[in-house]
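# Descriptive analysis of the structure
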Amino acid sequence: MVLGGGESGLGAAILGKAKGFDVFLSDRGKLNDHYRKELTERGISFEEEMHTDALIFVADIVVKSPGIPDTSPIVVGLNDRRIPVISEIEFAARYTDAKLIGITGSNGKTTTTLLTYHLLKNAGFNVGLAGNIGDSFAWQVAEKHYDYYVLEISSFQLDNIIDFKPAIAVLLNITPDHLDRYGYSFQNYVDSKFNIVRNQTAECHFIYFDDSEVITSELVKRSTSSQLWPVSISHTVEKGAYLEGNQLISKIKDSVFSQDFESLPIQGPHNAINALTAIAIAQLAGVEADQIREGLVTFRNAPHRLEKVAHIEGVVYVNDSKATNVDSVFYALGSFNEPIILIAGGVDKGNDYSQILDLVKEKVKGLIILGPKYEKLKHYFEGIVPQVYITQDIQDAVAQGKKWAVPGDVVLLSPACASFDLFKNYEDRGDQFKNAVEKLANS
């Protein structure tokens with residue numbers, strides 16, 4: 001039984017059929033036309049806009065979409081009947097002998113995953129990209145053969161693993177996020193993230209951010225069998241990777257790698273963490289130093305992550321729409337020395353803005369609050385920033401940024417919030433911002 005008919009659900013159904021299972025897919029919503037066509041052509045039974053208990057509760061195993069919470073009645077019913085419920089990540093991993101590189105964290109997963117994939121692919125590795133990004137992991141396992149998979153993995157996917165064991169596991173950071181899925185318990189969320197090392201053994205590797213108090217204190221409490229490789233941007237480490245001045249330095253086994261960070265196409269302290277992590281992974285995988293260097297300078301990041309959109313009359317406009325929590329905005333603000341006009345706001349997920357207070361005081365000359373629920377941001381920062389403007393329209397927000405900006409300033413969309421008030425998702429928000437900037441440039 002596959003619950004959920006999105007990318008991961010379709011992939012799980014295809015892999016299940018390939019491995020001889022009698023597969024049925026059930027989605028409470030309406031299926032994408034393409035996915036419905038794929039299921040029909042492959043002879044996979046399905047239902048949409050409903051869950052039929054009589055069909056679901058006779059399953060031998062259930063592969064659940066990460067979007068369905070464990071508290072949903074259908075999952076509770078499955079657990080009561082002791083029917084195994086697993087994630088697509090768990091299911092696909094059972095049918096591949098590829099080396100798995102699993103990357104998780106509250107922030108930076110996508111950039112680190114894409115950069116790692118780029119470094120390995122550039123070096124000629126037979127490598128697949130999957131998880132929260134790219135094509136379904138299960139679908140690729142069913143129809144392709146890779147020696148390595150680089151997997152971006154969310155806490156939701158880690159909640160439903162049993163035997164999943166990446167050869168290299170990465171934990172970039174843990175900051176409060178998605179707490180509504182974890183009973184508003186930060187520890188529950190932390191436990192979910194640490195599932196990535198739960199099954200690791202002595203031959204496995206664990207790369208983690210050593211500057212995170214949450215991670216280091218958890219490591220003291222937990223028994224971890226894997227080989228540990230810390231990453232830091234605040235201090236040197238005997239083994240692992242660190243930032244020293246402007247140099248990225250990685251000491252993995254007998255190999256020492258160094259690279260001038262300022263020469264890379266990605267900048268900012270958060271990207272120093274991402275780059276150090278990807279370098280360490282590449283070294284563990286056996287990529288040569290000159291190949292790592294070449295891959296670093298040719299990398300292009302995914303959109304909506306500190307994406308420079310335009311220079312207009314000496315002002316830089318930057319799209320950081322993916323910054324849906326306060327921690328991401330902290331790193332965004334730290335990436336610029338220039339005065340900033342910050343566009344923020346949206347659906348607040350219980351944000352604590354004290355984390356960015358000092359950076360806002362130091363760098364932000366104007367705050368534009370975008371979204372109908374503006375009171376919390378306005379209350380917190382009014383009187384701290386020189387000027388605050390409230391709007392429900394992205395074009396108006398960009399126009400106001402232009403009014404306040406002078407040459408040398410940065411107009412930065414870094415919302416700290418989810419996007420579901422005015423936009424379909426963070427991509428839609430970022431695209432609308434870019435369109436508004438483009439109109440401004442052509443006006």
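Residues numbered from 1 in each chain as written. Predicted model: local features only at pLDDT ≥ 70, side-chain atom pairs only at ≥ 80, totals over all residues. Heavy atoms only, no water.

## What about the pattern of salt bridges?
Taken as a whole, this structure holds 18 salt bridges when the rule is applied. Overlapping salt bridges, with partners in common, bring together Asp 191, Glu 218, Lys 221 and Arg 222 in one network. (Salt bridge = Lys/Arg side-chain N within 4 Å of Asp/Glu carboxyl O.)

## Points about unusual backbone geometry
Notably, Glu 49 is not glycine yet its phi reads approximately 60 degrees, a positive angle. Within the element layout of this structure, Glu 49 appears in the loop between β3 (45-48) and α3 (53-56). For Arg 82, which is not glycine, the phi torsion reads 60 degrees and is therefore positive. Relative to the elements of secondary structure, Arg 82 occurs in the loop between α4 (73-80) and β5 (85-87). With a relative accessible area of 76%, Arg 82 lands in the exposed category. (Helix = DSSP H or I, 4+ residues; strand = E, 2+ residues; numbered from the N terminus. Buried < 20%, exposed > 50% of the residue type's maximum accessible area, 1.4 Å probe, protein only.)

## Here's the deal with the nonpolar core
Nonpolar side chains in soluble globular proteins tend to end up buried together. Residues Leu 120, Phe 137, Phe 194, Ile 207 and Leu 248 are the most contacted members of the largest nonpolar core, which totals 94 residues. In terms of residue count, helix α11 (residues 269-285) provides more of this core than any other element does, 11 residues in total. The contacts of Leu 120, once residues within four sequence positions are left out, are Ile 101, Phe 125, Val 127, Tyr 148, Val 150, Ala 282 and Val 287. By size, the runner-up hydrophobic cluster in this structure holds 27 residues, among which are Val 329, Leu 333, Leu 342 and Ala 416. (Core = buried A, V, L, I, M, F, W, Y, C linked by side-chain atoms within 4.5 Å. Contact = heavy atoms within 4.5 Å.)

## Focus on the sheet that holds strand β2 (residues 24-27)
Spatially, the 5 strands line up as an open sheet ordered β3-β2-β1-β4-β5, and their pairing is parallel. This sheet does not close on itself; its edge strands, each paired only once, are β3 and β5. Bridge analysis of β2 against β3 gives 4 bridges, and the strand direction is parallel. Note on β3: the bridge partner recorded for Asp 27 is Glu 48. (Pairing = 2+ DSSP bridges.)

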